[in-house]
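# Observations on chain architecture
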Amino acid sequence: MALVSLDSVTKEYLSGSERLRVLDEVTVELEAGKIAVVSGESGSGKSTLLNLIAGLDLPSGGRITVGGYRVQALREEDMTDYRTRVVGLVFQFHFLLRDFTALENVMLPAYMAGMKRGAAEKRAFELLGEVGLSDRAHHYPTQLSGGERQRTAVARALVNDPEIILADEPTGNLDVANSRLVQERLFRLVRGYGKTLILVTHDLELATSGDRRFHIEEGRLRES
Amino acid sequence: MKLLNRNLGWIFYVSRRYLRTRRREKGHTASVLSVAGIAAGVMTLIVVLAVMNGFQLTTIRSILEVNSYHLRVTVTDDNGVDGALLAKLRGVPGVTAVVPFVDVQTVAQGYFSAIQAISLRGVPKDALAMDPSLVESLKILAGEFDLSTPGNVVLGSELARSLGLRVGDEVTLLSVVAASANPALQSSASGESRPRFRLVGIFRTGFYDYDLSWGFVSIGDALHDFGTAGPVVYGVKLRNRFADQAAERRIRDALPATDAGRVQIESWRQYNKAIFGALDVEKTTMMLLVGLIFLVVGVNIYQSLRRSVYERTEDIGVMRATGAPPWAIQLIFIFDGFYIGFLGSAIGTVVGLFLSVNINGVFAAAESVVNGALALGGPALQGFVGMRAGEFSIFSPSYFYLSAVPVKVVFGEVYSIFLFAVLSATIAGVFAARRATRIKPAYVLRYE
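Residues numbered from 1 in each chain as written. Chains lettered and ligands numbered in written order. Predicted model: local features only at pLDDT ≥ 70, side-chain atom pairs only at ≥ 80, totals over all residues.

The next point concerns the overall build of chain B. What chain B contains, in helices and strands, is 18 helices and 10 strands. A fraction of 83% describes how many contacts in chain B between residues 6 or more apart in sequence connect residues 24 or more apart. (Helix = DSSP H or I, 4+ residues; strand = E, 2+ residues; numbered from the N terminus. Contact = placed C-beta atoms within 7 Å.)

The following block contains the structure:
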């Protein structure tokens, strides 16, 4: 059985009086433990697709099922569990909390999910070690470089041991060297922990990596 | 309930961090001002109420201990002291003292002064021994409280001063009533009686009205020299003045059934209803007026927290996306308000209690500072403010009948003020946090 299943998913926005279709009848199934890369131009609907899978937005039509959860039908309490335990998010911009250190940023989702603070910190420190930031654990985001912030965000996405990592252009704001470093750490961790990764990018080199490759154009998804 | 099963520790953790970082960051003076505002409100209310309680309790104490008693028992057709009744009253549980007395309205005249209307209370010569709390309230400034010899009188300090009398002087007390009742006292063709009394003691209660218009004579003199001064009243003091209704029931039970129709019992609540009611209204009004400060501070906290919610929109989006439910986000900002309230209230309570307890020292220090400034300013400054150095006094004895500002801290009120302040800040947090629940992570975290 597929871990992620999208069946005729559409997403429309109202732009003034005009109805704008961002995703058009997207149907796809993904198995557990695979890395899927979705490429496409800016505005093609890549981020919208990830937001729908993450439960951050609701589809206008169709059905999304992830890890046994029917995402658009989840109540608030179940949505909290879903976002905590099923999906981990990495954004194009790091979105770290500026008042918290790297360690605290990584630890917080685990603490929120019910883990004891000490255990959450221990887990966060391990993950920071895995992305090569042990020595930067007690630095605030403003004291980290762009690549370090994004690697911290990768560690944060993994702290609750989710089944799927959703990464929205995680290297989009980085120079080439940092971009490759983040990609390498992300892929290594995902494969090492046996997770599923859905990665959205318009980086041509990144687009050719992964186990399955998709291209999205004018809201239509096709596998290449 | 699912909410209670969750780990709420992280909410406190984030909330405390937000309060701390806001305090640390430059430009975020709003939370400091919020804490200071709550502290100022709590401090002011505690000090104002402590001083007001001090003044009111001094007044109440003077009224109850010197004049009105806790219960007044009157036998309507009895003009003499009934020893049996006195003994019965003293035997009632909860009664600490019983003093029979007669009140007389009269006028007094010193050697060279104008006549002055006064109230005389006729009491047994051993009244002070009968009522220990009267001794505490009645400070003898000169002479002694000696009513053992007929014709002795003890007057209030302001009255003695106004009549120009010192201990040992004679004073004329006039009674028109007595003239018809006791022709032997008649000393002039006009028909007025002029009993002469010797001033043996001067007292001070601290309550200006009593010190200006009150005096004591023996109950025998009151009944004899001033005619039919009305039935004897038995002033009863209780261990707990608020247990007046139970004491009244016990007294009625102790009296013979035949006395039921003749005995009137009046509580201090009925007897002083007007003045105590006025004091209550005064205190409530003052609490409401000063309490308005919490409304202002609450609005300030609301604005501060709203700004905090706005500035942390991105954080809220991230926390929502990583699993925080809306109510948890709301709680973070409610706790923020609570912390501000708690911190401000704690500071305000400590400072308020310190100022209340040391209010006279604080006033003395303030007077020293102003007088020092006047001295330094020289004639120019003194001429400008119309006061010489050393003359400034916050509670000048020339205007206020005070030797020190009375203070009474009622801890129940302090708790209430503390809780109310914390509550007002928390409620401000509740309103400010409503926006936080409406933030949609998908919109906040969009980065195109």
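Turning next to the overall build of chain A. Looking only at helices and strands, chain A features seven helices and 10 strands. In terms of overall size, chain A behaves like a compact globule, its C-alpha atoms giving a radius of gyration of 17 Å where 224 residues would be expected to give roughly 17 Å. In terms of principal-axis extent, the alpha carbons of chain A reach across some 50 × 40 × 40 Å. Looking at the 224 residues of chain A, the share that counts as buried comes to 50%. Counted over contacts in chain A with a minimum sequence separation of 6, partners at least 24 positions apart contribute 70%. (Rg over C-alpha atoms; globule rule 2.2 N^0.38 Å. Buried ≥ 20, exposed ≤ 12 C-beta atoms within 10 Å, placed from the backbone.)

Turning our attention to helix α1 (residues 46–54) of chain A. Side chains of residues three or four places apart in an α-helix project in the same direction, reflecting 3.6 residues per turn. Residues and elements named next belong to chain A. Most of α1 is tucked away: nine of the nine residues are buried. All of the buried residues along α1 are Lys46, Ser47, Thr48, Leu49, Leu50, Asn51, Leu52, Ile53 and Ala54. Backbone geometry just downstream of α1 places Gly55 in the positive-phi region, at approximately 80 degrees.

Counting residues in hydrophobic clusters, the biggest one holds 117 residues, and the most contacted among them are Ile53(A), Ala124(A), Leu128(A), Val154(A) and Leu166(A). Among the elements that make up this core, the one with the highest residue count is helix α15 (residues 326–357) of chain B (11 residues). Discounting chain neighbours no more than four positions away, the residues touching Ile53(A) are Val4(A), Ile64(A), Val66(A), Leu166(A) and Ile198(A). Core analysis: the second largest hydrophobic core is formed by 55 residues, Leu89(B), Leu134(B), Ile202(B) and Ala247(B) among them. (Core = buried A, V, L, I, M, F, W, Y, C linked by C-beta atoms within 7 Å.)

Residue and element names in this part refer to chain B. For chain B, mean pLDDT is 83; residues scoring 70 or higher make up 89% of the total. With pLDDT under 50 throughout, residues 181–191 is counted as low confidence; its partners more than four residues away or in other chains account for 16 contacts. Taken over the whole predicted complex, pTM reads 0.72, whereas the ipTM for its chain interfaces reads 0.87. (pLDDT = per-residue confidence, 0-100.)

Note on interface size: it is often stated as the accessible area lost on association of the parts. In this complex, chain B contributes 22 residues to the contact, which on the side of chain A involves 24 residues. For the side of chain B that touches chain A, the secondary-structure elements that each account for two or more residues are α2 (9–24), α14 (313–321) and α18 (441–444) of chain B. A total of five residues in the side of chain B that touches chain A trace back to one element, the largest contributor, which is α2(B). Residue composition of the side of chain B that touches chain A, by class: 11 nonpolar, five polar and six charged. (Nonpolar A, V, L, I, M, F, W, Y, C, P; charged D, E, K, R; others polar.)

Further remarks concern the confidence of the model for chain A. In this model, chain A carries an average pLDDT of 88, and 100% of its residues clear a pLDDT of 70 or more. Across chain A, the element-wise mean pLDDT spans from 78 in helix α7 (residues 204–207) of chain A up to 94 in helix α3 (residues 102–112) of chain A.

Time to look at the packing of helix α13 (residues 273–311) of chain B against helix α17 (residues 411–437) of chain B. All names here are of chain B. For the pair α13 and α17, the least separation of the axes is 8 Å and the interaxial angle reads 35 degrees. Pair α13 / α17 crosses with right-handed handedness. Judged by residue contacts, Phe294, Val297, Gly298, Ile301, Tyr302, Leu305, Arg306 and Val309 of α13 engage Phe420, Ala421, Ser424, Ala425, Ile427, Ala428, Gly429, Phe431, Ala432, Ala433, Arg435 and Ala436 from α17. Here the residues of the contact of α13 with α17 are counted per class, giving 15 nonpolar, three polar and two charged. (Axes fitted to C-alpha atoms, helices over the stretch in contact; angles between N-to-C directions. Left-handed = near helix turned anticlockwise from the far one by under 90°.)

Time to look at the packing of α3(A) against helix α5 (residues 146–158) of chain A. All names here are of chain A. Between α3 and α5, the shortest axis-to-axis distance is 7 Å and the interhelical angle comes to 25 degrees. On the basis of the axis angle, α3 is roughly parallel to α5. Once α3 is placed against α5, the crossing between them reads as right-handed. Across from Ala102, Asn105, Val106 and Pro109 in α3, the residues of α5 making contact are Thr152, Ala155 and Arg156. Of the residues in the contact of α3 with α5, the class split is four nonpolar, two polar and one charged. (Parallel < 35°, antiparallel > 145°, perpendicular 65-115°, else oblique.)

Residue and element names in this part refer to chain A. With mixed pairing, six strands are arranged side by side in an open sheet as β6-β7-β8-β3-β9-β10. Of all the strands in the sheet, the pair left with one neighbour each is β6 (87–90) and β10 (220–223). Looking at each pair of strands side by side, their axes are set apart by 20 degrees on average, direction ignored. With four bridges joining them, β6 and strand β7 (residues 164–168) adopt parallel strand pairing. Counted as the bridge partner of Leu89 is Leu166 from β7. (Pairing = 2+ DSSP bridges.)

As a further point, take helix α11 (residues 244–254) of chain B. Residue and element names in this part refer to chain B. Within α11, the full set of buried residues consists of Asp244, Ala247 and Ile251. Seen end-on, α11 carries its buried residues on one side only, within an arc spanning 60 degrees. What points out from α11, more than 90 degrees from its buried face, is the exposed set Gln245, Arg249 and Asp253. Lining the buried residues of α11 we find β1 (71–75), α4 (83–90), β2 (95–109), β9 (233–238), β10 (263–267) and α12 (268–271). (Arc of directions from axis to C-beta.)

This part takes up the environment of Phe93(A). Among the secondary structure elements, Phe93(A) is positioned in the loop between β6 and α3. Remark: the alpha-carbon pair of Phe93(A) and Asp211(A), spanning 118 residues in sequence, is separated by 25 Å.

What follows deals with the sheet that holds strand β2 (residues 18–30) of chain A. All names here are of chain A. Here four strands make up an open sheet; going across it, the order is β2-β1-β4-β5 and the pairing antiparallel. Bordering the open sheet on either side are β2 and β5 (69–70), each of which pairs with just one other strand. Pairing geometry for strand β4 (residues 61–66) and β5, over two bridges, is antiparallel. Counted as the bridge partner of Val66 is Tyr69 from β5.

This part is about the environment of Arg98(A). All names here are of chain A. Secondary-structure assignment places Arg98 in the loop between β6 and α3. In this structure the C-alpha to C-alpha distance between Arg98 and Arg185, which are 87 residues apart in sequence, comes to 23 Å. Not counting residues up to four positions away in its chain, the partners in contact with Arg98 are Tyr140, Pro141 and Thr142.

Attention shifts here to unusual backbone geometry. Residues and elements named next belong to chain A. A positive phi angle, near 50 degrees, is found at Glu25, a position not held by glycine. The residue Glu25 is located in strand β2 in this model. Among the residues examined, Glu25 registers 15 C-beta atoms within 10 Å and is labelled partly exposed. Positive phi, normally seen in glycine, also occurs at Glu169, with a value near 50 degrees. Position of Glu169 relative to the elements: it lies in the loop between β7 and α6 (176–193).

This brings us to the pairing of strand β3 (residues 116–123) of chain B. Residue and element names in this part refer to chain B. Examined bridge by bridge, β2 and β3 share seven bridges and lie antiparallel to one another. Bridging from a neighbouring strand, Thr106 pairs with Ile118 of β3. The turn joining β2 and β3, which pair antiparallel and follow one another in sequence, is formed by six residues. Bridge count between β3 and strand β8 (residues 214–218): five bridges; the pairing is parallel. Paired with Val123 across the bridge in β8 is Ser218.

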